[in-house]
Amino acid sequence: MELKNIVLILKLLKTKYLLLFNTFFLAKSFKKTIFIGYRMNSYKNIEEKLHQFVLKFYTNELIKGTILFLSLGFLYFFFTLFIEYFLWLKPTARTILFWIFILVESYLVFRFILTPIFKLIGLKKGISFAESSKIIGNHFPKVGDKLINVLQLKEATSQSDLLVASIEQKAKELQPIPFTKAVDFKQNSKYLKYAAIPVLIWLIITITGNFNMFDTSFKRVVNYRKAFVPPAPFSFHLVSQNLKVIQGKPFTLEIETKGKVTPTDVTIFYNNQSYFLQNQNGIFSYTFTDTRNDIHFYVEANGIASEKYQLNVIKTPTIQNISIDLNYPKYIGKNNETINNTGTILI
């Protein structure tokens, strides 16, 4: 009986020591968990600061992209209008020019505006914390590789007390550093010089009064399926305003040209024939000698024709028939008579 009591007492002691050991182990583990969790709060602060840096980074990218989009977009817009203004493209070529313009502008919008917005709101993957750490480390010499080391330590599979302590130490050293200041909005001012180019072009066009050239080019580019006839480099203007001549009299026609180009030769067309006009100091002249009837004519030079004109011939009075009635006195004893178409009359 005494032996059984001794065995029973030993079992009770064993159970008691096991309970004490387990209680100590659990308490130690719980304390360690609390300690690690406390240490990890410092790392969460680092993550929050990195997140703020990423937001400011893509806000800066959006500002820069807006400036570049407006600069490059308007430059290509002016380039497109210049091509149409000087070349007067046909509908097929103008269609290609129009859709290339749409593609280029769409790419610029996606590249400089939509991409930063998508990364800013999280629709598209942006830079990682590791990439952010390199940018911050390059900006702050004190940071160096410390921030990257913290991220690498956090990614370690085993989180020992020594590792947690190392993360805590490095995180505390990084706490005072404002990561967001690694992004400076003022740096975007250097891109404003590109935006000044289209503004300068616009001012020159407005000051010189050539705004109409872009207005007409824009309308032709937008209406790319429609055919447009380019204006002539010169136009004809009558110097002889009164196109009237007395029948049978000669009439000298005088014409001048106005425009960017002065032709060397001008041809007149009438009665299915053509003749060159004489050029005297920019005034082209031609003399009509046969003016029995009205004359319809037009002039042409360098493939450019004038409107049709009419020289009005004023008919002169003519004697068609002569009739003379002769009434003799009675004492002559001669009968009265009528003489027709005698020609010349002498009295």
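Given the structure is predicted, the values throughout are model-derived calculations rather than measurements.

1. Considerations on a nonpolar patch on the surface
Side chains of Phe110, Leu114, Ile117, Ile121 and Leu123 sit close together on the surface and give an oily, nonpolar patch of about 460 Å² of accessible area. Here leucine 123 is to be found in the loop between α2 (91-121) and α3 (129-139). Residue class for leucine 123 comes out exposed when judged on its relative accessible area of 65%.

2. Comments concerning the layout of surface pockets
If you add up the space inside the largest pocket, you get close to 360 Å³. The wall of the largest pocket is formed by 14 residues, among which Tyr85, Trp88, Pro231, Ala232 and Lys260 lie closest to the centre. Listed by contribution, the elements that provide at least two residues to the lining of the largest pocket are α1 (2-87) and α7 (211-222). Of all the elements, α7 adds the most residues to the lining of the largest pocket, at four residues. A breakdown of the residues in the lining of the largest pocket according to their chemical character gives nine nonpolar, three polar and two charged. In this structure, the second largest pocket occupies an estimated 230 Å³ of space. Lining the second largest pocket are 13 residues, and of these Asn60, Ala182, Val183, Asp184 and Gln187 sit closest to its centre. Of all the secondary-structure elements, those providing two or more residues to the lining of the second largest pocket are α1 and α3.

3. Concerning the nonpolar core
The biggest cluster of nonpolar side chains holds 23 residues, and the ones touching the most others in it are Leu243, Leu253, Ile268, Phe288, Phe297 and Leu311. The set of elements that each furnish at least two residues to this core consists of β1 (234-238), β3 (251-259), β4 (267-270), β7 (283-288), β8 (295-301) and β10 (309-314). At four residues, the largest contribution of residues to this core is made by β8. With sequence-adjacent residues up to four places away left out, phenylalanine 297 is seen in contact with Leu243, Leu253, Ile268, Phe269, Tyr270, Phe288, Glu307, Lys308, Tyr309, Gln310 and Leu311. Ile46, Val54, Tyr58 and Ala182 belong to the second largest nonpolar core, which has 13 residues in total.

4. A look at the packing of aromatic side chains
Counted according to the given criterion, the structure contains 24 aromatic pairs. Ring centres of tyrosine 85 and phenylalanine 86 lie 5.0 Å apart, and the angle between their planes is 85°; this geometry places the pair in the edge-to-face category. Through successive ring pairs, a cluster of aromatic residues spans Tyr76, Phe77, Phe78, Phe79, Phe82, Tyr85, Phe86, Phe101, Trp202, Phe214 and Phe218. Lying over the aromatic face of phenylalanine 185, lysine 56 brings its terminal NZ or CZ to 5.3 Å of the ring centre. Directly above the aromatic system of tryptophan 88 lies the positively charged group of arginine 220, at a separation of 3.6 Å from the ring centroid.

5. Details of the environment of threonine 291
With respect to the secondary-structure elements, threonine 291 resides in the loop between β7 and β8. You can call threonine 291 buried: its relative accessible area is 1%. In sequence terms threonine 291 and valine 245 are 46 residues apart; their C-alpha atoms lie 7.6 Å from each other. For threonine 291, the residues in contact, after removing those within four places along its chain, are Val245, Ile246, Gln247, Gly248, Lys249 and Val313. Within the structure, the side chain of threonine 291 is placed 3.0 Å from the backbone nitrogen of glycine 248, a separation counted as a polar contact. There is a polar contact of 2.7 Å between the side chain of threonine 291 and the backbone oxygen of lysine 249.

6. Some details on the sheet that holds β3
One open sheet holds the four strands; their spatial order is β1-β3-β7-β6, and the pairing between them is antiparallel. Across the chains shown, the open sheet's two edge strands, defined by having one partner strand only, are β1 and β6 (278-280). Each strand of the sheet is rotated relative to its neighbour by a mean of 30°, with strand direction disregarded. As defined by bridge partners, β6 adjoins β7 across three bridges and the pair is classed as antiparallel. Looking at β7, one finds that asparagine 279 is bridged to phenylalanine 284.

Definitions and cut-offs
- Residues numbered from 1 in each chain as written.
- Predicted model: local features only at pLDDT ≥ 70, side-chain atom pairs only at ≥ 80, totals over all residues.
- Heavy atoms only, no water.
- Patch = residues over 30% accessible without salt bridge, like charges linked within 9 Å, V, L, I, M, F, W, Y side chains within 5 Å.
- Areas by Shrake-Rupley, 256 points an atom, 1.4 Å probe, with all protein chains shown as cover.
- Salt bridge = Lys/Arg side-chain N within 4 Å of Asp/Glu carboxyl O.
- Helix = DSSP H or I, 4+ residues; strand = E, 2+ residues; numbered from the N terminus.
- Buried < 20%, exposed > 50% of the residue type's maximum accessible area, 1.4 Å probe, protein only.
- 1 Å grid on protein atoms, 1.4 Å probe; cavity = no way out; pocket = protein on both sides within 12 Å on 5 of 7 lines; lining within 4 Å.
- Points joined across faces, edges and corners; volume = space filled by probe spheres on them.
- Nonpolar A, V, L, I, M, F, W, Y, C, P; charged D, E, K, R; others polar.
- Core = buried A, V, L, I, M, F, W, Y, C linked by side-chain atoms within 4.5 Å.
- Contact = heavy atoms within 4.5 Å.
- Phe/Tyr/Trp six-rings, centres within 6.5 Å; stacked < 30°, edge-to-face > 60°.
- Lys NZ or Arg CZ within 6 Å of the ring centre and 35° of its normal.
- Polar contact = N/O pair within 3.5 Å; in protein donor to acceptor, adjacent residues only side chain to side chain.
- Pairing = 2+ DSSP bridges.
- Axes fitted to C-alpha atoms, helices over the stretch in contact; angles between N-to-C directions.

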